[in-house]
Amino acid sequence: MGYEPLTAEQRELRAAVRALVREKVAPRAAAIDESHEFPWDVVELFREAGVFGLPFEERHGGTGTGTLMVLVAAEEIAKACATSSLLLLVQELGSLALKLAGSEEQKARYLPKFASGEWLAAYALTEAGSGSDSAAMRTTARRDGDSYVLDGTKRFITNAGVASLYTVFAKTDGDAGHRGVSCFLVEAGAPGFSVARLEPKMGIAGSTTGELVLAGCRVPAGNLVGEEGEGFAIAMRVLDRSRPGVAAQALGLAQGATDYALEYAKTRETFGKPIAQHQLVAAKLADMETRCEAARGLLYRVGQMIDEGVEGPALTKAAAMAKLFCSDVAMEATTEAVQVLGGYGYIREYPVERMMRDAKITQIYEGTNEIQRLVIAREMLRESRASALGAA
Ligand SMILES: Cc1cc2nc3c(=O)[nH]c(=O)nc-3n(C[C@H](O)[C@H](O)[C@H](O)COP(=O)(O)OP(=O)(O)OC[C@H]3O[C@@H](n4cnc5c(N)ncnc54)[C@H](O)[C@@H]3O)c2cc1C
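Residues numbered from 1 in each chain as written. Predicted model: local features only at pLDDT ≥ 70, side-chain atom pairs only at ≥ 80, totals over all residues. Heavy atoms only, no water.

### A short note on the packing of helix α4 (residues 67–80) against helix α8 (residues 279–307)
Operational definition: Only the contacting stretch of a helix is used when fitting its axis, a line to C-alpha atoms as for every element, and angles between N-to-C directions run 0 to 180 degrees. Working definition: helices are DSSP H or I runs of at least four residues, strands are E runs of at least two. Numbering for both runs from the N terminus. Only heavy atoms matter for contacts: two residues are in contact if any of them lie within 4.5 Å across the pair.
For the pair α4 and α8, interaxial distance at closest approach is 7 Å and the crossing angle is 145 degrees. Touching Thr 67, Leu 68, Leu 71, Val 72 and Glu 75 of α4 are Arg 296, Leu 299, Tyr 300, Gly 303, Gln 304, Ile 306 and Asp 307, all from α8.

As structure tokens, then:
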């Protein structure tokens, strides 16, 4: 057995998730991809098994087992089904603003519903004209008595149409740039809220990605999270904690594809021996496995940092590095897995074709990998390092 950095409790929980995935999620993965239907049966399974409790504290009905455990569980689920891993990850993404900056009253009202899985969550930052440059958003919110009235459109929102609560970012001051952004909790039934359309996609086909329309959408003033103008800082703090989730999903895809390619290569024979015995194939498998292990090192490290309460630039950089590296490894490993399977890799009967399509999104959402590189470089330039050459 290899070196194992997890505690006995974490290993036990991982074993439970692994068994659930093997028995109930893996057999559904191909059909979820084929049908493009949101997997309510997997939601129900996760509700019953307590999977949605993983990102939450015990006082809110969660397991209180910390962020590293969420990442480990997401990796296990994504090994078999990337769409299903998003059910857990977006439950965390959509509730992080509330966890980080919400009032005790807001937390008590909503977090137990997320921990049980009764409600699903969503995070709505992106707009048609503002993805990477999210501060250029045009959605507005104005105070009107005891309410805020939101106007605008949000694009590419995961869990659109299935979430009960949306964390929505909007400008309360249009002249203040990112300092004019505020954060609101919008319930699906709020007047003026609707989901205009769902996008057909290359991968993660069972996950909904949709457009939210806020047309004079009225929410109680008590649904403001934090203070007016704090929204952008909240959105960025959320991403520091959610990007590791994308990294975990990516690593699951990479490891799942590597494991599948390994098994295939042991039994598929050409020129009188298993293809795993051909050195060019063996080298691919070795590179895939090594990159997965390196990715896991970055991922677990950032999970431990969050669990130890690390905040600020160190976390921003570590989260961006984990997301960047794990997603690039996912794209490489799934593409190589298709290659190892030859023609069979390219057809739908084998899961590596789906994994390769699913992997692509991990290089794009929650900040493209170009943006992650900019973030990492920005943090490097801020750090003061003693240079071996003596230059300042
Ligand atoms: C399936 C899916 C699910 C999503 N889920 C959510 C969600 O739940 N909530 C949410 O808020 N958003 C979500 N998104 C949005 C996603 O985060 C954005 O699509 C992403 O951040 C990129 O923004 P964009 O599409 O506007 O691309 P753009 O910002 O237009 O970027 C286009 C290209 O230019 C590059 N680029 C942009 N600026 C720079 C720069 N300064 N330097 C170098 N290169 C640059 C980008 O890397 C990219 O390659 C989702 C998107 C998809 C496809």
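After presenting the structure, the write-up continues.
### Details of the packing of aromatic side chains
Heads up, the rule is: Planes of paired rings set the category: under 30 degrees apart is stacked, over 60 is edge-to-face and the rest tilted, where pairs are Phe, Tyr or Trp rings (Trp by its six-membered ring) whose centres lie within 6.5 Å. When accessible area is computed with a 1.4 Å probe and restricted to protein chains, residues below 20% of their type maximum are described as buried, those above 50% as exposed, and intermediate ones as partly exposed.
Inspection of every chain in the model, using the stated rule, returns eight aromatic pairs. Taken together, a centroid distance of 4.8 Å and an interplanar angle of 70 degrees make the contact between Phe 38 and Trp 40 edge-to-face. Under the relative-accessibility criterion, Phe 38 is labelled buried at 13%. Residue classification places Trp 40 among the partly exposed positions, given a relative accessible area of 42%. For the ring pair Tyr 166 and Phe 193, a centre distance of 4.8 Å and an interplane angle of 40 degrees mean the geometry is tilted. Highlighted residues: Tyr 166 in strand β4 (residues 165–171) and Phe 193 in strand β6 (residues 193–198), separated in sequence by 27 residues. Accessibility assignment for this pair places Tyr 166 and Phe 193 in one class, buried. Ring pairing ties together the aromatic residues Tyr 264, Tyr 344 and Tyr 350, which thus form one cluster.

### With respect to the state of the cysteines
What counts here: Cysteine sulfur pairs qualify as disulfides if the two atoms are within 2.5 Å.
Considering all chains together, one arrives at zero disulfides under this definition. Left unpaired, Cys 81 is separated from the closest cysteine sulfur, that of Cys 292, by 18 Å. Unpaired in terms of disulfides, Cys 217 finds its nearest cysteine sulfur in Cys 183, a separation of 14 Å.

### Remarks on the packing of α4 against helix α7 (residues 231–267)
Applicable threshold: Working rule for angles: under 35 degrees goes down as roughly parallel, over 145 as roughly antiparallel, 65 to 115 as roughly perpendicular, anything else as oblique. Left-handed is the label given to a crossing in which the near helix is rotated counterclockwise from the far helix by less than a right angle, and right-handed is the label when the rotation is clockwise.
At their nearest, the axes of α4 and α7 sit 7 Å apart, and the two run at 40 degrees to each other. Between α4 and α7, the interaxial angle falls into the category oblique. In terms of crossing hand, the pair formed by α4 and α7 is right-handed. In this structure, α4 contributes Leu 71, Ala 74, Glu 75, Ala 78 and Lys 79 to the contact, and α7 contributes Pro 244, Gly 245, Ala 248, Gln 249, Leu 251, Gly 252, Leu 253, Gln 255 and Gly 256.

### Here we look at a nonpolar patch on the surface
Quick note on the threshold: Only residues whose relative accessible area exceeds 30% and that form no salt bridge enter a patch; like-charged residues are grouped when within 9 Å of one another, and nonpolar side chains (Val, Leu, Ile, Met, Phe, Trp, Tyr) when within 5 Å. Accessible surface is estimated by sampling points in the Shrake-Rupley manner with a 1.4 Å probe; for residues, cover comes only from the protein chains shown. A pair is scored as a salt bridge if a Lys or Arg side-chain nitrogen falls within 4 Å of a carboxyl oxygen belonging to Asp or Glu.
Nonpolar side chains collect at one region of the surface, where Tyr 344, Tyr 346 and Ile 347 lie side by side and expose about 350 Å² of accessible area between them. Within the element layout of this structure, Ile 347 appears in the loop between α9 (313–340) and α10 (351–362).

### Notes on empty space enclosed by the protein
Under the convention used in this document: Definitions used throughout: a 1 Å grid over protein atoms alone; a cavity as a set of points that fits a 1.4 Å probe which cannot get out; a pocket as an open set with protein on both sides within 12 Å along at least five of seven lines; a lining residue as one with an atom within 4 Å of a point. Grid points are joined across faces, edges and corners, and a volume is the space filled by probe spheres set on the points.
Scanning the model with the defined rule gives two cavities of 30 Å³ or more in all. Roughly 50 Å³ of internal volume is contained in the largest cavity. Around the largest cavity, the lining residues are Ala 29, Ile 32, Asp 33, Cys 81, Ala 82, Thr 83, Ile 204, Ala 205, Gly 206, Arg 354 and Asp 358. Those elements giving two or more residues to the lining of the largest cavity turn out to be α2 (29–35), α5 (82–101) and α10. Top element by residues in the lining of the largest cavity is α2. It accounts for three residues.

### Some remarks on the side chain of Thr 139
In plain terms, the rule: What qualifies as a polar contact is a pair of N or O atoms within 3.5 Å, subject to a donor-acceptor requirement within protein and to the restriction that residues adjacent in sequence count only when both atoms come from side chains.
You can see Thr 139 is positioned in the loop between β1 (121–124) and β2 (140–144). One polar contact links Thr 139 to Glu 127, side chain to side chain, over a distance of 2.7 Å.

### Considering the layout of surface pockets
Stated precisely, the cut-off is as follows: By the convention adopted, Pro, Cys, Tyr, Trp, Phe, Met, Ile, Leu, Val and Ala count as nonpolar, Lys, Arg, Asp and Glu as charged, and the other residues, Gly among them, as polar.
Each pocket or cavity is described by its volume, and for the second largest pocket that value is around 480 Å³. As for the second largest pocket, its lining consists of 24 residues, and the residues nearest its centre are Pro 55, Glu 57, Thr 67, Lys 99 and Ile 306. Take the lining of the second largest pocket: its biggest share by element is four residues, from α5. Partitioning the lining of the second largest pocket into residue classes produces ten nonpolar, six polar and eight charged.

Read these as spatial facts, not as claims about activity.
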